[in-house]
Amino acid sequence: MRVSVFGLGYVGCVSAACLAGMGHEVVGVDVNQVKVDLVNDGKAPVVEERIGELIAEVVRTGALRATADVREAVMDSDISLVCVGTPSEPNGSLCTTYLERVTEQIGAALAERAALAEEAALAEGARQRGRHTVVFRSTMLPGTCLNLLVPILEKFVGGTAGVDVGVAVNPEFLREGTSVRDFFDPPKTVVGELDPASGDAVLALYEGVPGEVFRVPVPTAEAIKYADNAFHGLKIGFANELGAVCQALGVDSHQVMDVFLADRKLNISPAYLRPGFAFGGSCLPKDLRSLVHAAQRADVSVPILSHVLPSNSDHLQRAVELVERTGKRRAGLFGLSFKPGTDDLRESPLVELAERLFGKGYDLKIYDANVSLSRLLGANREYIENRLPHLAQLLADSVEEVLDHAEVCLVGTRDPAVLAALPHGEAPVIIDLVHLPDADARRAEPGYVGLAW
Ligand SMILES: NC(=O)c1ccc[n+]([C@@H]2O[C@H](COP(=O)([O-])OP(=O)(O)OC[C@H]3O[C@@H](n4cnc5c(N)ncnc54)[C@H](O)[C@@H]3O)[C@@H](O)[C@H]2O)c1
């Protein structure tokens, strides 16, 4: 394919050189003439493993060249990859200035190209060339492409994105330092496509590259990059905080992590990584509290670990706010124990939720197949009697009793009997705390609100 790559920084340079190495005809564009000259001299403008040899080779064979002329690059290509920087503004917001500018430039060049092609077609009776696709590789917040860049492109092209010009988001997942190696063996390929033809054009670029391919809506592709980077940062922060606590407690943190990492069921696995309701139970809150306390006693600052419980509490509060927003007063709660299949109520987040709603004066009824006051024993019974003394009056004996009572229902369980009985439609309002199995279908219903869409 004939490819133009905008921005010859880390991402653009590696993309341009690797695509040229795969046999595409590539032109790199940068506003920085020094970078353009370096590439045309067969030299890499960035320091990266293997990039020097690769650029020397592809420039020598003519597969890659560089220019500062946007118009020329667009004229000579079928697909444009936008790899310009998106730095932080001083207040932390994302700077989209370079993205906006380059989109305007590409749009204007495309409009000119379309006018020239039309003239030529009229003169020679020739067929018009296929449509151009603009692919954003820069990291940008969800919504940036569709709400900011597509309108700019449409204005300058004078046409409709997805019809007259292809648009896709193809985030970059390569690590600086090993990005050439990663390019040919990426962790995954993600294509956010405005329409299938835009996605096809991107995937044609990567033919033969291994790894799973995900074709998703444009904002999803934008968000995936943030999910990845936030998680990577969180992982490093977690490991370092845990290492510091272990060190202070005289424990070999690497030995701890060796065993931690060997657990592929609960630790290095999809477990606990689906958005849903707050956690609770007799272990997680207690153990986080004592670990953070031990760190504080040892003068070890652990901001990530010490904010896990506040984060959890804020998440629970979001559910309360969803109920408040309905304006209804008669509420039903399905589920009470801290997780399915147990009657353990100690530190159950659903008990905490019931308490907050009760405290705000909601007329509440609760159903949990595993919880009946007569069956609760020992620590559990004592816990509920202290924490929620009015529980007995709030507990219902059946799903129907709650449904008959409630104007708004909070669903905190995937109990099949509850799922089967949940009505569809406007009333009662269903507040889904657990991402119900039919959440995707329910999303379109007027009475459905998801805590974790
Ligand atoms: N560096 C990484 O490892 C990495 C990884 C994944 C994603 N990203 C994202 O990719 C994007 C680019 O990152 P980078 O590190 O390559 O940035 P960079 O700052 O190294 O390079 C950006 C280049 O774009 C050029 N540029 C700016 N405006 C231009 C225009 N109108 N026309 C042509 N060129 C223009 C600049 O001169 C510069 O050379 C960012 O959004 C970044 O967040 C970076």
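Everything below is about the structure shown above.
Keep in mind it's a predicted model, so treat the numbers as computed, not measured.

A. Main features of the overall build of the chain. Secondary structure summary: the chain contains 19 helices and 13 strands in total. Here the C-alpha atoms of the chain give a radius of gyration of 28 Å, more than 25% beyond the 22 Å that 2.2 N^0.38 yields for 453 residues. In terms of its C-alpha atoms, the chain occupies a principal-axis envelope of roughly 85 × 60 × 40 Å. A buried classification covers 45% of the 453 residues belonging to the chain. The long-range fraction of contacts in the chain, counting pairs at least 24 apart against all pairs at least 6 apart in sequence, stands at 67%. When the accessible area of the chain is evaluated, it comes to approximately 22,500 Å², of which 54% is carbon and sulfur surface.

B. Layout of the side chain of Asn312. For Asn312, the location among the structural elements is in helix α13 (residues 308–326). Classification of Asn312 by relative accessible area gives buried; the value is 12%. Ignoring sequence-local partners within four residues, the contact set of Asn312 consists of Ala278 and Phe279.

C. A look at the site of the ligand. Not every one of the 21 residues close to the ligand is listed here, only the nearest: Val11, Asp30, Lys35, Thr86 and Glu176. Interatomic distance of 2.8 Å between a backbone N/O atom of Val11 and an oxygen atom of the ligand. Contacts to the ligand include Thr86, whose side-chain N or O atom sits 2.5 Å from an oxygen atom. Contact with the protein chains removes 79% of the 830 Å² of surface that the ligand exposes when unbound. Per-element tally for the shell around the ligand: the top contributor is helix α5 (residues 97–124), with three residues. Here the shell around the ligand is built from residues that sort into nine nonpolar, seven polar and five charged.

D. View of the nonpolar core. Among the nonpolar cores identified, the biggest contains 49 residues, and Leu333, Phe334, Leu336, Leu353, Ile366 and Leu433 are the most heavily contacted of them. Each residue touching Ile366, except ones within four places of it in the same chain, is listed here: Leu333, Gly335, Leu336, Ala354, Leu391, Leu394, Leu395, Ala396 and Val402. Among the nonpolar cores identified, the runner-up in size contains 37 residues, and Val36, Leu54, Val58 and Tyr206 belong to it.

E. Quick peek at α13. Helix length check: α13 (19 residues) gives 28 Å between terminal C-alpha atoms against 27 Å at 1.5 Å per residue, within 8%. Three or more residues of α13 are buried, namely Asn312, His315, Leu316, Ala319, Val320, Leu322 and Val323. In a view along the axis of α13, the buried residues occupy a sector of 150 degrees, so they form one face of it. Of the surrounding elements, those touching the buried residues of α13 are α14 (349–359), β11 (408–411), β12 (429–432) and β13 (448–450). Positive backbone phi, approximately 75 degrees, marks Gly327, located one or two places after α13.

F. Examining the environment of Ser15 more closely. Looking at the secondary structure, you find Ser15 in helix α1 (residues 10–21). On the accessibility criterion, Ser15 (0% relative accessible area) is buried. For the pair Ser15 and Gly28, spaced 13 residues apart in sequence, the C-alpha to C-alpha distance is 9.6 Å. Excluding its chain neighbours within four sequence positions, the residues that come into contact with Ser15 are Arg137 and Phe183.

G. Seen up close, the packing of helix α6 (residues 144–157) against helix α9 (residues 218–248). The interhelical angle for the contact between α6 and α9, taken along N-to-C directions, is 115 degrees, at an axis separation of 8 Å. Two secondary-structure elements touch here, α6 through Thr144, Cys145 and Leu146 and α9 through Val218, Pro219 and Glu222. Tallied by class, residues from the contact of α6 with α9 come to four nonpolar, one polar and one charged.

H. Quick look at unusual backbone geometry. Here the amide bond leading from Ala427 into Pro428 is cis, since omega sits at -5 degrees, within 30 degrees of zero. Structurally, Pro428 can be placed in the loop between α18 (416–421) and β12. Its identity as a non-glycine residue notwithstanding, Arg50 has a phi of 70 degrees, on the positive side. One non-glycine residue, His435, adopts positive backbone phi at about 55 degrees. By secondary structure assignment, the location of His435 is in the loop between β12 and α19 (439–442). Given the relative accessible area of 26%, His435 is considered partly exposed.

How each quantity is defined
- Residues numbered from 1 in each chain as written.
- Predicted model: local features only at pLDDT ≥ 70, side-chain atom pairs only at ≥ 80, totals over all residues.
- Heavy atoms only, no water.
- Helix = DSSP H or I, 4+ residues; strand = E, 2+ residues; numbered from the N terminus.
- Rg over C-alpha atoms; globule rule 2.2 N^0.38 Å.
- Buried < 20%, exposed > 50% of the residue type's maximum accessible area, 1.4 Å probe, protein only.
- Contact = heavy atoms within 4.5 Å.
- Areas by Shrake-Rupley, 256 points an atom, 1.4 Å probe, with all protein chains shown as cover.
- Near = heavy atom within 4 Å.
- Polar contact = N/O pair within 3.5 Å; in protein donor to acceptor, adjacent residues only side chain to side chain.
- Nonpolar A, V, L, I, M, F, W, Y, C, P; charged D, E, K, R; others polar.
- Core = buried A, V, L, I, M, F, W, Y, C linked by side-chain atoms within 4.5 Å.
- Expected span 1.5 Å × (residues − 1).
- Arc of directions from axis to C-beta.
- Axes fitted to C-alpha atoms, helices over the stretch in contact; angles between N-to-C directions.

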